[in-house]
Amino acid sequence: MALDATLQPSASAAVRSAPQRPVTTEAPWVRRALITLALVFLALVLFLPLVAVFVEALRNGVSSYLSAITEPDALQAMRLTLTIAAIAVPLNLVFGVAAAWAIAKFEFRGKALLITVIDLPFSVSPVIAGFVFILLFGTGGSLQPLAQWLGIQIVFALPGMVLATTFVTLPFVARELIPLMQEQGTGDEEAALSLGAGGWRTFFLVTLPNVKWALLYGVLLCNARAMGEFGAVAVISGKIRGETNTMPLHVEILYNEYAFSAAFAVATLLALLALLTLLLKTVLEWRFAGDIAATRRGH
Amino acid sequence: MDIRVRNIRKEFDLFPALHDVSLDIRSGELIALLGPSGSGKTTLLRLIAGLEFPTSGQIFFGDDDASQKSVQERHVGFVFQHYALFKHMTVADNIGFGLRVRPGRDRPPSAEIRRRAEELLELVQLPGLGNRYPTQLSGGQRQRVALARALAIEPRVLLLDEPFGALDAKVRKDLRRWLRELHDRTGHTTVFVTHDQEEAVELADRVVVMSQGRIEQVGSADDIYDRPQSPFVFSFIGQSNALPVEVRGGEIAFAGQVLGRTDEADGHWRMFMRPHDLEIVPAGEPGIAGRVAVARRSGSSRFAEFDVPGRSERIEVELPASVASAPGMDLNVRPKRWTLYAEESR
């Protein structure tokens, strides 16, 4: 009927007045309602608290803000947070790459178990993670003699906090890499080997470049979590002010002492770290979009 | 470099992929491993490359037992179905990869590697594309880069796993002809895997027909087409019909009709014949009688499939285009040429 060249005016008007939109698109009012709902939710849950942090931090003026974040205890907390992240993130980088490589490129017994175990820190409460290390290395703990023999104080000290943070942030790198490496398969590696490259060269020249973007995401997420971790670190640190205080712990201590604007001032630093991570991720995604798509596509 | 495969057996988790396979590949030969999926052809190729290791048996490169040597030590050029080009490297860097990863004293200077890559790009007819990335090339171009990369290490043998499998029909045909010319020019011993019989027959000096982890037949295109050694080869290569027949006193009988004479012993046999080796005979004369179910025209010939009473498989016959045929017509045909296989053989 519509193919007929002698269409009647009324019929063509009827065709024109019918809603012309792609079949997968909803009616305008549905679209608007859904978008509004999403925006309101985001504003309430994400944006408002973020704004509140900055408003509270600056309530008593810029000078008190600055003094709160340059006070010795705050500086020490920042140093400690950065130190812990500087140790835990590289540890998880190496472990994550090794685990993903093993899982994606080889067949072995217990592979399913390994994948489950890697996810364990996601399903276990961080507080439990902290307690586990106290039970292991604290007084009467089964690994305490080992720590003593090595002459290292683990519980209520930096090594314990690094352990707890490493535990909590363990899945990030591996989780990011495993699906990608599984999808890519072993074809490129076989090609490199057949061309005479050894195992390490194949890894550094072929495997690693193929996953570099996923690896970077994993590291960024791992780092953000390592700096923001509270529960596990709170348990194992003993919260010794000026010694084993990280930034999140310092925020809590200040808050409990009713030093609200100081607490929020330190909190802004954490929020800025998070925003920086997001910004970095977005910039990288935007700058290397084509490159990322190419490696994602696999073969 | 000639390659001898001796009594190779390969199991994956106790599932046998290859049973006792032996094969001699002559130096400078272009040979095809042809078979349906699951026939073990790719496994055999990967075993020759050293990407898999045999459960038992040996592989010789010349007089050199290569069975336990690593893929790096075997010095083979391997081309993958999906190219496996390194996406983060330029075409020139891909081609130069094999030279760049050589240990210090064997590694040519980088200017030399670059020159060699340019040379190989000329050889595979992609001059000037050295600075492109693989994603900027078409499928056919990528496969030629993959071939150039494999040739860069001056391999002792060239192994290709379904090299044209991911390409469209037109490109496939062009590349096939091009590969043949390249082989004739460079003279590498070349083994390629394919499931496409036309490709195997057109390209290779000899074809190895494989099925269920065994070699069924090795021979030229004429050998496997005109003198198939097993029912599998007969039915896998080209069109075929099979009919259970009885031989008595040198006469081949089907449904009480004598179809021809043979020297084979009395007993039950399977008679294989090609559609073009059947001729129409008048009704009532000895032959295979039936009723046409499907008739179709293909190029200069006409094909008719007809039902034979008591048989579930139809018989296909090729007719000249001038002979009319339509569903429902009665047909009586007699084989001009055939091959008999013992009933119990595979």
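Refer to the structure presented above.
This is a predicted model, so every value here is computed, not measured.

Conventions we followed
Residues numbered from 1 in each chain as written. Chains lettered and ligands numbered in written order. Predicted model: local features only at pLDDT ≥ 70, side-chain atom pairs only at ≥ 80, totals over all residues. Heavy atoms only, no water. Phe/Tyr/Trp six-rings, centres within 6.5 Å; stacked < 30°, edge-to-face > 60°. Buried < 20%, exposed > 50% of the residue type's maximum accessible area, 1.4 Å probe, protein only. Helix = DSSP H or I, 4+ residues; strand = E, 2+ residues; numbered from the N terminus. Lys NZ or Arg CZ within 6 Å of the ring centre and 35° of its normal. Patch = residues over 30% accessible without salt bridge, like charges linked within 9 Å, V, L, I, M, F, W, Y side chains within 5 Å. Areas by Shrake-Rupley, 256 points an atom, 1.4 Å probe, with all protein chains shown as cover. Salt bridge = Lys/Arg side-chain N within 4 Å of Asp/Glu carboxyl O. Pairing = 2+ DSSP bridges. Arc of directions from axis to C-beta. Contact = heavy atoms within 4.5 Å. Axes fitted to C-alpha atoms, helices over the stretch in contact; angles between N-to-C directions.

*Asks:* Which residues make up the packing of aromatic side chains, and what values go with them?
*Replies:* For the structure shown, the criterion picks out 14 aromatic pairs over all chains. Ring centres 5.1 Å apart and planes at 80 degrees place the aromatic pair A:Phe203 and A:Phe204 in the edge-to-face group. What makes A:Phe204 partly exposed here is its relative accessible area of 49%. Judged by centre distance (5.3 Å) and plane angle (55 degrees), the rings of B:Phe234 and B:Phe272 are tilted. Here B:Phe234 is found in helix H9 (residues 231–236), whereas its partner B:Phe272 is found in strand S14 (residues 267–273), with 38 residues between them in sequence. By relative accessible area, B:Phe234 is classed as buried at 4%. A connected cluster of aromatic rings, assembled from ring pairs, spans A:Trp101, A:Phe106, A:Trp200, A:Phe203 and A:Phe204. Here the guanidinium or amino end of A:Lys281 rests over the ring plane of A:Tyr217, the centre of that ring lying 5.0 Å away. Lying over the aromatic face of B:Phe86, B:Arg149 brings its terminal NZ or CZ to 4.6 Å of the ring centre.

*Asks:* Report on a nonpolar patch on the surface, specifying residues and quantitative values.
*Replies:* All names here are of chain A. On the surface, Ile35, Leu39, Val40, Phe41, Leu42, Leu44, Val45, Leu46, Phe47, Leu48, Val51 and Val55 cluster together into a nonpolar patch covering about 1,200 Å² of accessible area. Among the structural elements, leucine 46 can be located in helix H2 (residues 28–57). Using a relative accessible area of 56% as the deciding quantity, one classes leucine 46 as exposed.

*Asks:* Break down the pattern of salt bridges for me, citing the residues and quoting the values.
*Replies:* Residues and elements named next belong to chain B. All chains considered together, the criterion is met by 42 salt bridges over all chains. Here glutamate 246 makes a salt bridge to arginine 248, at a shortest N to O gap of 3.4 Å. Residue glutamate 246 is classed as partly exposed on the basis of its relative accessible area, which comes to 30%. A network of salt bridges, in which partner residues are shared, links Arg172, Lys173, Arg176, Asp196, Glu198, Glu199 and Glu202.

*Asks:* Could you give me a rundown of the pairing of strand S10 (residues 214–219) of chain B, with the residues and numbers involved?
*Replies:* Here strand S9 (residues 206–211) of chain B pairs with S10(B) via five bridges, running antiparallel. Looking at the pairing, B:Val208 lines up with B:Val218 of S10(B).

*Asks:* So what's going on with helix H3 (residues 62–70) of chain A? Which residues, and what values?
*Replies:* All names here are of chain A. Within H3, the full set of buried residues consists of Tyr65, Ala68 and Ile69. The arc that holds the buried residues of H3, viewed along the axis, is 90 degrees, so those residues lie on one side. In this fold, the buried residues of H3 make contact with H2, helix H4 (72–105) and helix H15 (260–287).

*Asks:* Talk me through the sheet that holds strand S13 (residues 257–261) of chain B; I want residue IDs and the actual numbers.
*Replies:* Residues and elements named next belong to chain B. Spatially, S13-S12-S11-S14-S20 is the arrangement adopted by the five strands of the open sheet, whose pairing is antiparallel. What marks the edges here is a single partner per strand, and that holds for S13 and strand S20 (339–342). Adjacent strand axes in the sheet meet at a mean angle of 40 degrees, parallel and antiparallel pairs treated alike. Looking at chain direction, strand S12 (residues 251–254) and S13 are connected through four bridges and run antiparallel.

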